[in-house]
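Here is how the chains run, residue by residue.
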Amino acid sequence: MTNPLIIICIDNEPSVLNSLKTSLGKTLGKEHLIENFEGSKGVVKLVEELRHDESEVALVLAGAVIPDLKGDDLLNIAYFFSNQTIKIMLTDDLDLEGTAKAIRYAKLYRYLGKPCPSEDLKLTVIEAIHSYLLEETLKAQNRQLQELNQHLEKIICDQAAQISEYTTAPEQANQEWQHLSSINRHQAVLVDELLEKQYQLTQFLERMPVGVAVFNDKGILEFLNYKARQLFGKGVVPLTTVEQMPEVYQLYVAGTNQLYFAEKLVAVKALKGENSTLDDIEIHQEDKILPIESWGTPIFNELGNIAYAIVAFHDITQRKKAEAEHLRLMQEFSQVNQAYESFVPHQFLQLLNKPSIVDVQLGDHVQQEMSVLFSDIRSFSTLSESMTPEENFEFINTYLSRMESVITENHGFIDKYMGDGIMALFNESANHAVNAGIAMLTSLADYNQSRRSSGHPAITVGIGINTGSLMLGTVGGKNRMDSTVISDGVNLASRLEELTKPYGVPLLITHHTYWKLDNPLAYAIRLIDRVPVKGKSEMVTVYEIFDADEPQLREGKLITRSKFEQALVLYNLRYFSKASVLFQECLRLNPGDSVAQIYLGQCQLHTRLSGVTKIKQPLKSSLQNFDYDVIYKPNNKL
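Notes on the structure in this doc start here.

Rules used throughout
Residues numbered from 1 in each chain as written. Predicted model: local features only at pLDDT ≥ 70, side-chain atom pairs only at ≥ 80, totals over all residues. Heavy atoms only, no water. Helix = DSSP H or I, 4+ residues; strand = E, 2+ residues; numbered from the N terminus. Expected span 1.5 Å × (residues − 1). Polar contact = N/O pair within 3.5 Å; in protein donor to acceptor, adjacent residues only side chain to side chain. Axes fitted to C-alpha atoms, helices over the stretch in contact; angles between N-to-C directions. Parallel < 35°, antiparallel > 145°, perpendicular 65-115°, else oblique. Left-handed = near helix turned anticlockwise from the far one by under 90°. Contact = heavy atoms within 4.5 Å. Nonpolar A, V, L, I, M, F, W, Y, C, P; charged D, E, K, R; others polar. Pairing = 2+ DSSP bridges.

1. Structural notes on helix H14 (residues 430-453)
Then comes step 1: Counted at 1.5 Å a residue, the expected span for H14 with its 24 residues is 34 Å, and the 35 Å between its end C-alpha atoms agrees.
Then comes step 2: The N-capping residue of H14, defined by a side-chain oxygen 3.0 Å from the backbone nitrogen of Asn431, is Ser429.
Then comes step 3: Gly455 sits one or two residues past H14 and shows a positive phi near 85°.

2. Some words on the packing of helix H17 (residues 551-572) against helix H18 (residues 576-589)
Then comes step 1: At a closest axis distance of 8 Å, the pairing of H17 and H18 adopts a crossing angle of 160°. One element, H17, and the other, H18, form an angle in the roughly antiparallel class. The handedness of the crossing between H17 and H18 comes out as left-handed. On H18, the residues touching Thr560, Lys563, Phe564, Gln566, Ala567, Leu568, Leu570 and Tyr571 of H17 are Phe576, Lys578, Ala579, Leu582, Phe583, Glu585, Cys586 and Leu589.
Then comes step 2: When its residues are assigned to classes, the contact of H17 with H18 shows eleven nonpolar, two polar and three charged.

3. Observations concerning the side chain of Arg526
Then comes step 1: Among the secondary structure elements, Arg526 is positioned in strand S18 (residues 525-532).
Then comes step 2: At a separation of 2.7 Å, a polar atom in the side chain of Arg526 contacts the side chain of Asp593.

4. A short note on the sheet that holds strand S11 (residues 306-315)
The strands that make up a sheet pair up through hydrogen bonds in the backbone, lying either parallel or antiparallel.
Then comes step 1: Read across the open sheet, the six strands follow the order S7-S6-S11-S10-S9-S8; overall the sheet is antiparallel. Edge positions in the sheet fall to strand S7 (221-224) and strand S8 (251-253), since each of these pairs with one other strand and no more. The mean inter-strand angle of the sheet, taken between neighbouring strand axes irrespective of direction, is 35°.
Then comes step 2: Bridging between strand S10 (residues 289-300) and S11 involves nine bridges; their strand directions are antiparallel. Note that in S11 the partner of Pro298 across the bridge is Ala309.

Keep in mind that these numbers describe shape and distance, not what the molecule does.
So this is what it looks like as C-alpha cells:
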C-alpha cells in the first residue's frame, strides 16, 4: 500500500479538532494524512473524491452531535464508502439511540468521551490502525491465496488436457481433473475459514477486559491485545523473548526497584507446561506504577507439544488499595483491642469465651474455680502525704508496673487496681498464685534497695491468697459496665490480706489454697492460726508462706517450725504455760519471729487473767477474738 492512510476528524468544536490533529500527529507522525472538518460541510464531497481516486480511509473520528448532520448518520456515509473503515464516535453526552444505530449500521468500533484523555486517544487510535492494517493484510493474503488457487486450477486444467491428449481414457482423465478441482476448492474453503477464525480470534482477544500476551514455542512475543498495550504503554516490540520482558516492558518486583526475575514469570513456566499465577509484579511507566496479577497457561498442539504460552494479566491497583485499607483497619482494630486489654484483660475474654471486647454483653458470666490474690501497701496514706500528686502517680505506677509483670509471668492477670491495691486472678493452678506472691515480694525487695539508694523509705506490703469457686462476669449498666468476680472466696482473700498487718508477715494463704498446692512441702510454709469467718460458722486455717523473708529470718522459721507447731497445739489446747515455754524457745532461736512474739504475749495474758495454767471454760477461742491495744487493732473475724 503506497498511498498514505487517510484519517478524517469531524466535530463542531474547533478546539476539539485542533487537539485531535495535534495528538494524532504526535502519535502517527507524517505517515498518515489527517483531514479536519468543522461540521459536515465538505465531508460528502471529500468522500466522493476519495471514492473516485480509490484512496483508503482507514479511520473516521466523528462527534456524536453536529448541527447540520448527526454523527451517527455521518458514520453511515463512511460505512457505505468502505467496509473496512474504522469508526470512532466522540461524545460528551451519550445518545443511546444514535449509538445503537451506529453500532447496528456503521459497525461502530468504539466511542470516546469528550474531552478525550491524550493517553486513551493515543492507544485507541494505535489499536484502530493496527486492526485496520491487520484486516488489510488478511485481505491481501486472501487475494494471494485466491490467485494461487486460480493458478493451481489452471495447472490442473493443463495437466488434464495433456492427460486427455495422451491417454486412451479421456473420461478417466476428466474424472481426475474434477477430483483435483474439488480438492482445490475444498482447500480454498478451509483457508478462508481459517483466516476468518484467525480474524475472529484476534478481534475476541482485542476486546478482552484483561491484558493478553501470546508467546510462540520459541518464547518470542507475538501478540498483545489492546488492554495489554494500554497496561504496558507500548505494543509488541519485535523479537522480544520472554526473558527480555522485564527489561523491555519495565516489570519490577512489587515495592522495589528490582527488575523482576525472568525465570519466575508465568510465561516461562507456561512454556514448560505449567499453569501458574503471580501477584507481586509492578509495571513502571513514566508517570505511574501499576501492580498486576498474571496467569500463565500452556497451549498444546495435536501431538501434545507446546505450541504457545498465553498470559493474561490485569491491573490490581484497586485491590491493593483495598488490601492496604483492610490491613490498616485490622492494625487499627488490633491497636484498639490492645488498648481495651489495658482495661479488660484478654484472659477475662477467654474465660467468657469471647473473641473480642465488642462481643462482651452486660451480664455475661462464667463460674470457675480460681485463686484470688489481694495485695496492699502498708501505711500508703502516710507515705502519700509526703509526696506531691505527680510524685504519687509516678511512685504508684512504678510499683504497680513491677507487680503486674510478675503476676503475668506466673500465669495470672490483674482484674482491677484499687489505688495502691491489686486484685489478681489465677485460673490454672494455686501454685501460680503462691509463686506470684513470692515473686512479688522478691521484686519488692529489689525495688526497696533502689529506693533506699535514692534516699526514699522502703515500703512493705501484705498479700492474701484464697482459692475457691468464683463467678466472673460483667456488671453495670448499658452505658458503663465493668468486669468483676463475685464470691465469698473473694471477700476471704481480701480479709486475709488485712490479717497480714497484725501478724507482721507479708504473705498468708487459706487452707483452701493449701489443699490445692501440688506439693505444699516445696514451700517454706507453716500453720499459724484457725480463725472464724464473719457471718459464717466455718473456721479457716491460715498458713504463712515465708520463702521471700530475709535469709536469716527464713532459716530461723524453718529451724523452729516444729517447736512452733507444738506450741500452737498446746495453745489451742489452752496449756498456755507449756505453750509459752516453747514460744520463748522459738524466739530465742529466731528473735524476729513476730507471730511467735504475738502468741507468747497471748499466753502470758491468758495466764494473768485466769491464774491457772489450763482454763476449763475458754475465755475466747482464738487469737482473733481478742482486741487488746497491746496486741493489734484489726476486726475480730475474717
